[in-house]
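# Inside the fold
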Amino acid sequence: MTEPIFALEDVSFAYPRHPALAHISLRIQAGQRIALLGANGSGKSTLLKLLDALYFPTQGTLKAFGDALSEERFADEAVNFAFRRRVGLVFQNPDIQIFNPTVFDEITFGPLQMGWPREEILRRTDAILARFGIAHLKDRAPHRLSGGEKKRVALASVLILEPEVLLLDEPTAALDPESQGEVIRFLIESQGGGRTIITATHDLEIVADIADYAFVLAGGKLVAEGTPAEILANEALLRDTHLAHAHWHRHADGALHAHVHAHRHDHAHADGPSRYRAIKRNA
Ligand SMILES: Nc1ncnc2c1ncn2[C@@H]1O[C@H](COP(=O)(O)OP(=O)(O)OP(=O)(O)O)[C@@H](O)[C@H]1O
Ligand SMILES: [Mg+2]
């Protein structure tokens, strides 16, 4: 068996005075598309930041590409740079990620750091601006854009680098349906492409399309893992981890009732199992 991209052994992490992840052991292989599921505060973003070597485990070991991610190793700028070439994180909150004076500068920043030839930077920048429908924003100040526009800039600035490992934190949140479709199409098209993609999301409806395997977090612990089909079929799990919401509706007698609504692919369309598969077919 080949070396996993990430291997966590009994990893715990605490913010000052606040434990966030407890005793997590898992492996992620090259080329896997992984979904990280869990309610608000369950630890998804913290785990992604550990995988991106922004934080380091307070206990246990976390290896990436066979080497331990540790503060000592990353004090070496060469180690840090080599890692950032291979792994890219799109933050949940684009305000944290975005720092350049214009959208154009934001998107070309990474490629310039990587030392790409100028022509290639310009060509790829044009392509990614078009792909995310943000070409008209290229001279704007990113911190003055709308939430969804910022998110698209943040996604574009990482995707342009085509990193070997992509960490996406709620990539579809704050996006309008068309932009969501663009992100989901990218994730579907990445299937079998060799790139490892780890996506934190609340949106159970997209999990089967964007992931081959899912991990479920609750209260900082890994409580379940399996294929999307296995996870989505487990209504008790979804209810207990607050991933499925109660679907309220009024009956004819006027009484208000609630039942678990897991957002599974049971509302299929005639042209495919879900609207996202339909997007893929039309691509
Ligand atoms: N900077 C911080 N300082 C202290 N505690 C933090 C910090 N960031 C997150 N936490 C805490 O760590 C826990 C996990 O937070 P995290 O952001 O990883 O959750 P999440 O699963 O990404 O949630 P969400 O779905 O809301 O994005 C929470 O209890 C949170 O309050
Ligand atoms: Mg989060």
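This text goes with the structure placed above it.
Residues numbered from 1 in each chain as written. Chains lettered and ligands numbered in written order. Predicted model: local features only at pLDDT ≥ 70, side-chain atom pairs only at ≥ 80, totals over all residues. Heavy atoms only, no water.

### Looking at the overall build of the chain
If you tally the helices and strands in the chain, you get 12 helices and 12 strands. Out of the 283 residues in the chain, the part that is buried amounts to 49%. In the chain, of all internal contacts separated by at least 6 residues, the share reaching a separation of at least 24 is 62%. Here the chain displays about 13800 Å² of accessible surface, and carbon together with sulfur accounts for 52% of that area. (Helix = DSSP H or I, 4+ residues; strand = E, 2+ residues; numbered from the N terminus. Buried < 20%, exposed > 50% of the residue type's maximum accessible area, 1.4 Å probe, protein only. Contact = heavy atoms within 4.5 Å. Areas by Shrake-Rupley, 256 points an atom, 1.4 Å probe, with all protein chains shown as cover.)

### What to know about the pairing of strand 7 (residues 165–169)
Strand 7 sits mainly inside the fold: five of its five residues count as buried. The two faces of strand 7 match: Val165, Leu167 and Asp169 on one face and Leu166 and Leu168 on the other face are all buried. As defined by bridge partners, strand 7 adjoins strand 8 (residues 196–200) across five bridges and the pair is classed as parallel. When the bridges of strand 8 are listed, leucine 167 appears paired with isoleucine 198. Crossover strand 7 to strand 8 through helix 8 (residues 177–189) is right-handed. (Pairing = 2+ DSSP bridges. Right-handed = clockwise from strand over helix to strand, strands pointing away.)

### Some words on the sheet that holds strand 10 (residues 221–226)
With mixed pairing, six strands are arranged side by side in an open sheet as 6-7-8-3-9-10. Unpaired on one side and paired on the other, strand 6 (87–90) and strand 10 mark the two borders of the sheet. Each strand axis lies, on average, 15° off the axis of its neighbour in the sheet, ignoring direction. Each of strand 3 (33–37), strand 6, strand 7, strand 8 and strand 9 (213–218) is contacted by helix 1 (residues 44–51), which is oriented at about 155° to strand 7, the strand it contacts most. In the packing of helix 3 (residues 77–86) onto the sheet, the strands contacted are strand 6 and strand 7, and the crossing angle to strand 6 comes to about 70°. (Axes fitted to C-alpha atoms, helices over the stretch in contact; angles between N-to-C directions.)

### Observations regarding the packing of aromatic side chains
Applying the stated criterion to the full structure yields eight aromatic pairs. Here the aromatic rings of tyrosine 15 and tyrosine 55 are separated by 5.5 Å at their centres, their planes lie at 90°, and the arrangement is edge-to-face. Residue tyrosine 15 is found in strand 1 (residues 6–15), and its partner tyrosine 55 is found in the loop between helix 1 and strand 4 (59–64); the two are separated by 40 residues along the sequence. We note arginine 86 situated over the ring of phenylalanine 65; from NZ or CZ to the ring centre the distance is 3.7 Å. (Phe/Tyr/Trp six-rings, centres within 6.5 Å; stacked < 30°, edge-to-face > 60°. Lys NZ or Arg CZ within 6 Å of the ring centre and 35° of its normal.)

### Digging into the environment of arginine 118
The topology assignment puts arginine 118 in helix 6 (residues 118–131). Accessibility expressed as a relative area gives 59% for arginine 118, which makes it exposed. Separated by 10 residues in sequence, arginine 118 and threonine 108 have C-alpha atoms that sit 9.8 Å apart.

### A closer look at the pairing of strand 6
As a general feature of sheets, a regular strand has side chains that alternate between the two faces. Here strand 6 shows a buried face lined by Val87 and Leu89 and a second buried face lined by Gly88 and Val90. For strand 6 and strand 7, the ladder comprises four bridges, and the chain directions are parallel. Across the sheet, residue valine 90 finds its bridge partner in strand 7, namely leucine 168.

### A look at unusual backbone geometry
Outside of glycine, negative phi angles account for most residues, and trans bonds account for most peptide bonds. With a phi angle near 50°, glutamate 170 is a residue other than glycine that sits in the positive phi range. Mapped onto the elements of the fold, glutamate 170 is located in the loop between strand 7 and helix 8. The exposure class assigned to glutamate 170 is buried, which follows from its relative accessible area of 7%.

### Side note on the coordination of the magnesium ion (ligand 2)
Binding of the magnesium ion (ligand 2) to the protein goes through Ser45 (OG) and Gln92 (OE1), at separations of 2.0 to 2.1 Å. In this pair, serine 45 sits in helix 1 while glutamine 92 sits in the loop between strand 6 and helix 4 (94–97), placing the two residues 47 residues apart along the sequence. Judged by relative accessible area, which is 39%, glutamine 92 ranks as partly exposed. (Donors = N, O, S within 2.8 Å, 3.2 Å for Na, K, Ca; no water.)

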